[in-house]
Amino acid sequence: MSKALATAAVAAPFEGRMPPIPRADHDRMANAIRALAMDAVEQAKSGHPGLPMGAADIATVLFARFLKFDPADPAWPDRDRFVLSAGHGSMLIYALLHLLGYEAMTLDQIKRFRQLGSITPGHPEYGHTPGVETTAGPLGQGLATSVGMAIAERHLAAEFGADLVDHKTYVLASDGDLMEGVSQEAIALAGHLKLNRLIVLFDDNGITIDGKLSLSDSVDQVTRFESAGWRAERIDGHDPEAIAAAIARAQASDKPSLIACKTTIGFGAPSKAGSEKCHGSPLGADEIAGARKALGWDYPPFEVPQDIRALWLKAGMRGQGERHAWTQRLAALSAEQRSKFERRIANDLPEEALTAAVLDVKRKLAAAPRDIATRSASEFALEALVPAVPAMLGGSADLTGSNNTRTKAMKAMSAADYAARFIHYGIREHGMAAAMNGMALHGGIIPYSGTFLVFSDYCRPAIRLGAMMGQRVIYVLTHDSIGLGEDGPTHQPVEHLAALRAIPNLLVFRPCDAVETIECWQLALQNRQRPSVLALTRQNLPQLRTGVDSDNICSLGAYEIAGPDGETDISIFATGSEVALSVEAARLIAARGVSARVVSVPSFELFFEAPEPIRRRIIGRSRVNVGVEAGIRQGWDAIIGSDGLFVGMTGFGASAPYKDLYRHFGMTAEAVADAALKKLGAH
């Protein structure tokens, strides 16, 4: 920053609503956003200029007068969060970050919009661009994620107090965000919990890719949000004082707020404004020239006059005083309290307490083995883990008694008790998954929650984004196979394990007994840069491991759980409920004079990431490799080889008691033994 600009951008403490900006200055500040967006999209030959041009007035008022932030510290814990849910309009946030003085967002980065290696990708990406709070692009996800951020703020404020946690979450949402089904789940949950620190600015431009919104939608969004328990109103999205007054009213509300800002997409473009023609493609040289004339922007591409830059830099420095005051409040705490908060917000685990809790569970299981469903084993584990790890915040999508995710001491969160550590999400699996992403992104919380494995399909878009962003979110997915029995094929997951294992950076655990379950929980908690799935049974399983291992045996992803020393004729690899029947199959095989071993594979991902010599040792050199899992074969060839034998599912399940189903589909110890011996004979 030049000395002249630094002098012009005098820092001032944050004091809520800032004084009005003279209209001429506001217009020039907003037009700087419009110009950078037009120019960057034009240079990239791709992008979405319409939204940044239409929403520039909203963004200017919000960032220059209300939002609490400091570009010098983009990760300041008590900053307001801004979520651009309409991620296709990414040049809006990139232009803002550049103008406000975020060091990494140089003019060169603006010029390299959508280019390989830039920090200005087509849609905002968390962890890639300082100042971007969440990856957005799939419509509805940003809005739903913001609900989790608002929950996290209220929960941590209840625990640590308003001196440390006192901020708001703002969202800029489009028509498309509000049309996606996940938006209904999100707004209903936010309204129910009265998350009044959540303010959604709706860019109500009435245009989608196909044309006018009226082609496909006629919902009154204000009435819709009001019916969900929100405060909602309509304003002129190009009137800065109307925008400011609406935000001030929203800040004072005891409910979450929707501000429907009526705007013109592509504002300023002479022939394309107000139409789908400026939504998702460059305006073209002639249209940009006309827009420059209409906006009174007489400057070359990518040039922003120094006086306008000074106005924006002053806005960017507005939060410095508040950040310094917050830092002083933190420093004034006792060393114990300060350390507690800093560890939480840094997402650090209390490793000593966690290790002790895991070992305590193992000792109890060794002293009194439990032949229980792994969903029940998970509940047993949580009774020890939740007190040991204060950041854990649980929940369920209306299946609490089935998922076993609520410990005896957990209270249910409500608008009257944000300190509680369990959330009843209702039948909102997608909204639940997105909200958990938001909590993890906010920091200070390790969210986990449950539903049936088959309903991971409803969660999948959010699970994928969580994996992309590297967030520690834990999914407790129970009723993991045909073993759930009578509910039938609609509820019996068959392809779901393979589908989840296909998501990069997602850990999928399928423990075989109570001991593996606590170890998988430990691994999920310790993997701070990836989400995890725990696939758990409804039916009871025998406890196969009865000793006390101080090490986490599941950490390599696979290990030999039964069999003689040395090489064997047959190796059986299995997961979850099929490990026990594989152990019995190995006994039957041994009774026929053939050596067999069993390898439990609780995590494909960890096994594939293990050093090659370890993988080779675990796989061994048996003449026949067999894979056993109550799911489809996809993914198993990497372990058993393309010529390996697979015993599992090839189609959907059926409605019957689970033991009958296992016999019907050929997944019994006898069937595995016979198939393995037959394969061995063919060699």
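It should be emphasised that the depicted structure is a prediction, and the values quoted were computed from it without experimental measurement.

Caption draft 1: Seen up close, the sheet that holds strand S12 (residues 507-509). In spatial order, the strands read S9-S8-S10-S11-S13-S12; together these six strands make up an open sheet with parallel pairing. Only two strands of the sheet have a single partner each, and these edge strands are strand S9 (422-424) and S12. Pairs of neighbouring strands in the sheet enclose a mean axial angle of 20°, with direction left out of account. Pairing between S12 and strand S13 (residues 532-535): three bridges, direction parallel. Across the sheet, the residue bridging to valine 508 is valine 533, located in S13.

Caption draft 2: Looking closely at the pattern of salt bridges. Under the counting rule described, the total for this entry stands at 34 salt bridges. Among the ionic pairs, glutamate 383 bridges to lysine 408, the shortest N-O distance being 3.7 Å. Of the two residues, glutamate 383 is situated in helix H16 (residues 374-388) and lysine 408 in the loop between helix H17 (400-403) and S9; the sequence distance between them amounts to 25 residues. By relative accessible area, which is 28% here, glutamate 383 ends up partly exposed. As a salt-bridge pair, aspartate 660 and arginine 663 come within 2.4 Å of each other at their nearest N and O atoms. Taken as a pair, aspartate 660 and arginine 663 lie in helix H26 (residues 658-664) at a separation of three residues, close to a single helical turn. Exposure remark for aspartate 660: the relative accessible area of 36% places this residue in the partly exposed category. For arginine 663, a relative accessible area of 53% puts it in the exposed group. Connected through shared salt-bridge partners, Glu153, Arg154, Asp166 and Arg197 make up one network.

Caption draft 3: Summary view of the sheet that holds strand S14 (residues 559-562). Reading across from one edge, S14-S16-S15-S17-S18 is the order of the five strands in this open sheet, with mixed pairing throughout. Because the sheet does not close on itself, it has two edges, and the strands there are S14 and strand S18 (645-647). Here the strands of the sheet are splayed against their neighbours by 30° on average, with no regard to which way each runs. Where strand S17 (residues 624-628) meets S18, three bridges bridge the pair, whose relative direction is parallel. Bridge assignment links valine 628 to a residue of S18, and that residue is valine 647. Running over the sheet, helix H22 (residues 577-591) touches S14, strand S15 (570-574), strand S16 (596-600) and S17 and is turned about 165° from S15.

Caption draft 4: The arrangement of the packing of helix H2 (residues 23-44) against helix H4 (residues 91-100) in detail. Two elements in contact, H2 and H4, have axes separated by 9 Å at closest approach and are oriented at 120°. On the basis of the axis angle, H2 is oblique to H4. Seen from above, H2 lies across H4 with right-handed handedness. Contact residues: H2 offers Ala32, Ile33, Leu36, Ala37, Ala40 and Val41, while H4 offers Met91, Leu92, Ala95, Leu96, His98 and Leu99.

Basis of the calculations
Residues numbered from 1 in each chain as written. Predicted model: local features only at pLDDT ≥ 70, side-chain atom pairs only at ≥ 80, totals over all residues. Heavy atoms only, no water. Pairing = 2+ DSSP bridges. Helix = DSSP H or I, 4+ residues; strand = E, 2+ residues; numbered from the N terminus. Axes fitted to C-alpha atoms, helices over the stretch in contact; angles between N-to-C directions. Salt bridge = Lys/Arg side-chain N within 4 Å of Asp/Glu carboxyl O. Buried < 20%, exposed > 50% of the residue type's maximum accessible area, 1.4 Å probe, protein only. Contact = heavy atoms within 4.5 Å. Parallel < 35°, antiparallel > 145°, perpendicular 65-115°, else oblique. Left-handed = near helix turned anticlockwise from the far one by under 90°.

Read these as geometric descriptors, not functional statements.
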